[in-house]
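Each chain, written out:
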Amino acid sequence: MKVRTRFAPSPTGFMHIGNLRTALYSYLFARHNGGEFILRIEDTDKERYVEGAVDLVYRTLDTVGFKIDESPIHGGNCGPYVQSERKEIYKEYAHKLVELGGAYYCFCDKERLESLTDEDGNRKYDKHCLSLSKEEVEEKLKAGVPYVIRQNVPKSGMTSYQDLVYGQIDIDCADLEDQVLLKSDGMPTYNFANVIDDHLMGITHVTRGNEYLSSTPKYNLIYKSFGWEPPKYVHLPPIMKDAQRKLSKRYGDANFEDFIGKGYLPEAIINYIALLGWAPKGEIEKMDIDTLTELFDVDGISKSGSIFDEAKMKWLNSLYIKELPAERFSELAKPWYEKSVIAGKYDYEKWNVLLQSRVEVLSDILEKVKFIEEFGDYDLELFFHKKLKADANLGLIALKGAKEAIEAIEDFNEENLSLALAEKAEAMGMKKGQMLWSVRVGLTGAAVTPGGAVEMGGILGKEKCLERLDYSIKMIESKL
Ligand code: GLU
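The structure reproduced in this document is the subject of the present report. Residue numbers restart at each chain and count upward from 1, following the sequence in its written direction. In keeping with the predicted nature of the model, local features appear solely for residues at pLDDT of at least 70, side-chain atom pairs appear and are counted solely at 80 or more, and the whole-chain, interface and lining totals rest on all residues. The basis for the side-chain values is all heavy atoms of the structure; hydrogens and waters are excluded.

1. Examining the pattern of salt bridges
- Salt bridge, as used here, is a side-chain nitrogen of Lys or Arg placed within 4 Å of a carboxyl oxygen of Asp or Glu. One pass over the structure, following the stated rule, counts 28 salt bridges.
- For Arg86, the salt bridge is made with Asp197, and the minimal N-O distance between the two is 2.8 Å. Remark: Asp197 occurs in helix α6 (residues 190–200) and Arg86 occurs in the loop between α2 (53–63) and α3 (87–100); sequence separation between them is 111 residues. Taken individually, Arg86 and Asp197 each receive the classification buried, so the pair is uniform in this respect.
- Linking Asp470 and Lys403 is a salt bridge whose minimum nitrogen-to-oxygen distance equals 2.9 Å. Separated by 67 residues along the polypeptide, Asp470 in helix α19 (residues 453–479) and Lys403 in helix α16 (residues 392–407) bring together distant segments of the chain.
- Owing to a relative accessible area of 27%, Asp470 belongs among the partly exposed residues under this scheme. Numbering of helices and strands runs from the N terminus, with a helix taken as a DSSP run of H or I at least four residues long and a strand as a DSSP run of E at least two residues long. For each residue, the accessible area found with a 1.4 Å probe, counting protein chains only, is set against the maximum for its type, and the residue is called buried under 20%, exposed over 50%, and partly exposed in between.

Below is the structure:
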């Protein structure tokens, strides 16, 4: 049998890392097994519906490059793939389930339901309407009394299943309620729709958050009433914000698009979230989607939650950035240069060479280029460096020599600058390192820069180099 998995998000807001990880594991499981991956939109809860959220799901799956076999956009033989367009289907099956004895009409009004609440505020439906005769039900339906359809859960006995991650799950039917399957407006609840859809869409493996672990036996009772084979279940451990708290969409935690906005690469995010609850055999951590697909297995999924660690995701991101082809880095970095203090100045290509190996996320570019525009009165300590034997005079001499050397360069480029500085150092009987240190500081005033004297000179160009050396010479002279 061909493996078929699905991702079934409810369009209730942004895509958080937890949603995306569920999608990823469903996707990897399907691909690893040569199966199919289906996207279904679960939009029956109109109150929680958020405008634009469906598009966000499409956009996110597209950004991370999942190949979808069936969806509202891709079509397929089991559509529609949007639950609000499947109302008639649920209605038909809900009525069938009533005929089969797995569900019943309930006409209880709000007051009666409220009267079932005990002192602790708990309420459990008392199967009142299950005892209505066929005639009584017919009569009420004819009279147009509003109704819901409830699941008829056995009063006693165990309902069990074998979860592929959590193992044997047993629930006492006495602890289950006869939940509403079809609401009075004709809309199904999740409890019903997920069963009908997973069955009709031929889903073989359901991969979803473990908050559904204990309600799944109830869904299996519905499968049983219909005489259907339930799918296999792969419930996933939670992603935690810290040791106590789950990552929460409600509190705006870990929004995928925010990370993209900060300059994370989709492939690095995917790699990182694959590791939040799963580990391959062996020590590897950096895995692209093809490797993940090859290695993914249910055995590697853990039962306990993993803490979301942005620092680790950053580290992985830096590895992916380093590996980008130069043209791709250039494309991705450009918008960040445009937003930075060097917008419209200098040659971005020269920065690319320096920064590709030095940024963890693309937004680091904003900070990393700042120093070049912050040149001004700086700390003379930089010239009392051990390289200059703690003698700023040596630095001053180097800068004066460098100025002469640069003035004499006709065709100013990094190669000629490097040569000119080396020759000058030699002619002055100075170590090359002393010359380069002095020039780098003299050109930037910074203790650390993402490149040496030659790269900094290359970025600044001849005229600016001379201006800055002049400034530094005067500054040192005035302070010594
Ligand atoms: N719509 C449900 C959710 O977003 C999906 C649960 C499931 O995968 O069955 O939580």
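2. Some words on the pairing of strand β8 (residues 205–209)
- Among the five residues of β8, five are classified as buried, and the element is accordingly described as predominantly covered.
- Strand pairing requires that DSSP identify at least two bridges connecting the strands. Pairing between β8 and strand β9 (residues 232–236): five bridges, direction parallel. From the neighbouring strand, Thr207 faces β9, where its bridge partner is Val234.
- After leaving β8, the chain enters helix α7 (residues 216–226) and then returns to the sheet as β9, a path that is right-handed. Convention used here: a crossover is right-handed provided that the path from the first strand, over the helix, to the second strand proceeds clockwise when the strands point away from the viewer.

3. Focus: the packing of aromatic side chains
- Within 6.5 Å between ring centres, the rings of Phe, Tyr and Trp (the latter by its six-membered ring) count as paired, and their orientation is classed by plane angle as stacked under 30 degrees, edge-to-face over 60, tilted in between. Taken as a whole, this structure holds 25 aromatic pairs when the rule is applied.
- Aromatic pair Tyr378 and Phe383: ring centres 6.3 Å apart, planes at 35°, arrangement tilted.
- Using a relative accessible area of 7% as the deciding quantity, one classes Tyr378 as buried.
- Each residue in the set Tyr93, Tyr223, Phe226 and Trp228 is aromatic and connected to the rest through ring pairs, giving one cluster.
- Over a ring means this: the NZ of a Lys or the CZ of an Arg is within 6 Å of the ring centre and within 35 degrees of the ring normal. Seen from the ring of Tyr320, Lys286 lies directly overhead, with NZ or CZ sitting 4.4 Å from the centre.
- A cation over an aromatic ring shows up here: Arg440 above the ring of Trp437, its NZ or CZ 4.8 Å from the ring centre.

4. Digging into the layout of surface pockets
- Both cavities and pockets are sets of points on a 1 Å grid over the protein atoms alone; in a cavity a 1.4 Å probe fits but cannot get out, in a pocket the set is open with protein on both sides within 12 Å along at least five of seven lines, and lining residues sit with an atom within 4 Å of a point. Grid points are joined across faces, edges and corners, and a volume is the space filled by probe spheres set on the points. Volume-wise, the largest pocket comes out at about 1,200 Å³.
- What lines the largest pocket is a set of 42 residues, among which Ser10, Asn19, Arg48, Glu211 and Tyr212 lie closest to the centre.
- Elements supplying a minimum of two residues to the lining of the largest pocket: β1 (4–7), α1 (17–32), α2 and β8.
- Tallying contributions element by element places α1 first for the lining of the largest pocket, with four residues.
- The residue classification treats Ala, Val, Leu, Ile, Met, Phe, Trp, Tyr, Cys and Pro as nonpolar and Asp, Glu, Lys and Arg as charged. All others, Gly included, are polar. Residues belonging to the lining of the largest pocket are distributed by class as follows: 17 nonpolar, 14 polar and eleven charged.
- Here the second largest pocket is characterised by a volume of approximately 310 Å³.
- Along its surface, the second largest pocket is lined by 14 residues, and Val98, Glu99, Tyr105, Lys134 and Val137 are the ones closest to its centre.
- Elements supplying a minimum of two residues to the lining of the second largest pocket: α3, β3 (103–106) and α5 (134–142).
- The class makeup of the residues in the lining of the second largest pocket is eight nonpolar, three polar and three charged.

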